[in-house]
Structure formats: C-alpha cells, structure tokens
Amino acid sequence: MTQASPELDRLIAGYRRFRESGWTPKLERWRELREGQEPQVMIIACSDSRVDPAQIFDVDPGEIFVVRNVAAMVPPFETNPGHHGVSAALEFAVQVLKVKEVVVMGHGMCGGCKAALTQSLKGTEPGEGGFVADWISLLDDAREDVVSHFGTEGHEAERAMEQAGVRASLANLRTFPCVRRKEASGELKLRGAFFAISDGVLHVLDEPSGSFAPVN
C-alpha cells in the first residue's frame with residue numbers, strides 16, 4: 001500500500017478535482033483523444049514549476065505538444081551517439097504530428113539562465129550540478145554578448161540572458177534539416193516568446209528587430 005504523505009495527498013486531491021471538473025464535463029473530448037492527437041503547436045518551455053504552458057495559454061488537452069527542460073533550450077542538430085530527448089520530441093512533432101508552429105518560450109527569474117550567466121555550476125560533477133552545467137553550456141555563446149553589455153549580475157543582465165536563450169534556441173532549431181525545409185516551404189513557423197513571472201505578461205519576439213513586445 002502506498003504510504004501517504006502531505007505532498008501525495010495534495011496530488012490525489014487535485015486528481016479528484018480533475019475527475020469532477022476536467023474529465024467528466026469534457027468526456028466527449030477525451031473520447032476523441034483516444035483515437036489520437038493532432039496538436040497544431042509545439043511549445044518548448046522551461047521545467048520551472050511556475051510556467052506551465054497549458055495554464056498560461058489556457059488550452060484544453062490535445063491542443064499543444066509540450067517539451068519542458070532546463071531553460072527551455074533546444075540543442076543544435078547533432079548525429080553523435082547519445083540520447084537526444086529534445087531532438088526526438090522535435091522530430092516527432094514536426095515529422096509525425098506535423099505541427100504548424102513551434103514556440104520557444106523563455107521566462108523571467110529562470111534559474112538555468114542565471115546559472116549560465118554567473119557560471120555558478122561550472123566545474124561541478126555530474127549529479128552535483130554537472131548535468132545542469134553541461135546542458136546550459138548551450139548558452140555560452142549567447143552569454144558572451146550579454147556579459148559584454150550588462151555584466152553578470154542584476155535584473156537587466158538576467159532578463160537579457162533569458163531572452164538571449166530564446167534566440168539561441170530558435171537559431172538551433174534552424175540547424176535541423178526538417179525544420180529548415182518546412183520553414184522555407186511555409187509549412188512551419190517558428191516563434192519566440194517570453195513570460196514574465198513578475199507581472200504575468202507574455203512577450204512575443206519580433207525576429208527582424210530582435211526585440212520582445214508585450215501582448216496586450
């Protein structure tokens with residue numbers, strides 16, 4: 001028998017609320033989803049507990065295909081041996097589900113971006129911070145420009161690093177042949193977004209100017 005805990009109790013209580021308000025009233029929708037999924041949008045977001053895409057965009061089950069990881073990063077296209085989780089999810093979304101848009105959504109107060117900026121985990125062993133350090137090294141190139149303009153501390157530097165991460169992931173997305181091909185043909189659009197936890201405002205990237213504008 002599963003041992004009870006306050007944390008599990010909260011999850012079970014939430015599940016019961018879901019059965020009452022999220023499952024039963026939408027039973028027809030769930031029956032449709034038994035046959036498969038056809039999301040039109042893939043969202044790549046951070047694992048941070050404060051930035052759940054389904055909550056921010058207020059969508060129903062089956063509407064968005066979501067991948068979450070530290071700092072909402074996309075690695076470049078690589079064929080070296082290893083386990084390429086984000087790349088596999090991207091491939092599935094683009095090639096199998098045939099999503100029409102891929103949105104990279106960064107956010108304010110991102111611990112991964114802050115660690116990339118300050119290099120606080122650099123040199124740590126795997127299991128002691130080393131896995132995170134290796135992952136956020138994807139931001140090293142973007143960091144150089146941020147540090148040269150804003151330094152490594154303070155809100156302005158952190159915000160610049162968070163938004164630079166979105167741009168870096170978009171650039172890496174375009175190293176994938178399937179993404180490049182579908183974007184060129186108009187079958188796929190790439191978007192950058194940024195959610196500010198401090199005020200709950202979503203910003204969308206205008207790629208030609210490189211700036212993020214708040215959504216009214």
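The structure this text deals with has already been given above.
Bear in mind the structure is a predicted one, so any value in this text is a computation, not a measurement.

To continue, consider the pairing of strand 3 (residues 101–107). With 6 of 7 residues buried, strand 3 lies mostly within the body of the structure. In the sheet, strand 1 (residues 41–46) pairs with strand 3 via 5 bridges, with the strands oriented parallel. Its bridge partner being in strand 3, Ala45 is matched across the sheet by Met105. Taken together, the 7 bridges between strand 3 and strand 4 (residues 189–196) define a ladder with parallel strand orientation. Residue pairing across strands places Gly106 opposite Phe194, the latter belonging to strand 4.

Attention now moves to the sheet that holds strand 5 (residues 201–206). The 6 strands are arranged 2-1-3-4-5-6 in an open sheet whose pairing can be described as mixed. Unpaired on one side and paired on the other, strand 2 (64–69) and strand 6 (211–214) mark the two borders of the sheet. Taking the axes of each pair of neighbouring strands and ignoring which way they run, one obtains an average angle of 25° across the sheet. In the packing of helix 4 (residues 85–97) onto the sheet, the strands contacted are strand 1, strand 2 and strand 3, and the crossing angle to strand 2 comes to about 170°.

A few words on the side chain of His203. Structurally, His203 is set in strand 5. Ignoring any residue separated from it by four or fewer positions in sequence, one finds His203 in contact with Gly192, Ala193, Phe194, Ala196, Phe212, Ala213 and Pro214.

Our next topic: the packing of aromatic side chains. This structure, assessed with the given rule, holds 6 aromatic pairs. Aromatic side chains Phe65 and Phe92 sit 5.8 Å apart centroid to centroid with 45° between the ring planes, which places their arrangement in the tilted category. Of this pair, Phe65 sits in strand 2 while Phe92 sits in helix 4, and the two are 27 residues apart along the sequence. Grouped by ring-pair contacts, the aromatic residues Phe18, Trp23 and Trp30 constitute a single cluster.

Okay, the side chain of Arg143 next. Within the secondary structure, Arg143 sits in helix 7 (residues 140–150). Nearest to the buried, unbridged Arg143 among oppositely charged side chains is Asp140, at 6.0 Å. A polar contact of 3.1 Å, which involves the side chain of Arg143, links it to the backbone oxygen of Ala116.

Let's shift gears to the nonpolar core. Counting 27 residues, the largest nonpolar core has Met105, Cys113, Leu139, Val146 and Met161 as the members making the most contacts within it. Secondary structure elements with two or more residues in this core: strand 1, strand 3, helix 5 (111–118), helix 7, helix 8 (155–173) and strand 4. Counting residues per element, this core draws most heavily on helix 8, at 5 residues. Excluding its chain neighbours within four sequence positions, the residues that come into contact with Met161 are Cys113, Leu117, Leu139, Ala142, Arg143 and Val146.

Calculation notes
- Residues numbered from 1 in each chain as written.
- Predicted model: local features only at pLDDT ≥ 70, side-chain atom pairs only at ≥ 80, totals over all residues.
- Heavy atoms only, no water.
- Buried < 20%, exposed > 50% of the residue type's maximum accessible area, 1.4 Å probe, protein only.
- Helix = DSSP H or I, 4+ residues; strand = E, 2+ residues; numbered from the N terminus.
- Pairing = 2+ DSSP bridges.
- Axes fitted to C-alpha atoms, helices over the stretch in contact; angles between N-to-C directions.
- Contact = heavy atoms within 4.5 Å.
- Phe/Tyr/Trp six-rings, centres within 6.5 Å; stacked < 30°, edge-to-face > 60°.
- Lys, Arg positive; Asp, Glu negative; His and termini not counted.
- Salt bridge = Lys/Arg side-chain N within 4 Å of Asp/Glu carboxyl O.
- Polar contact = N/O pair within 3.5 Å; in protein donor to acceptor, adjacent residues only side chain to side chain.
- Core = buried A, V, L, I, M, F, W, Y, C linked by side-chain atoms within 4.5 Å.

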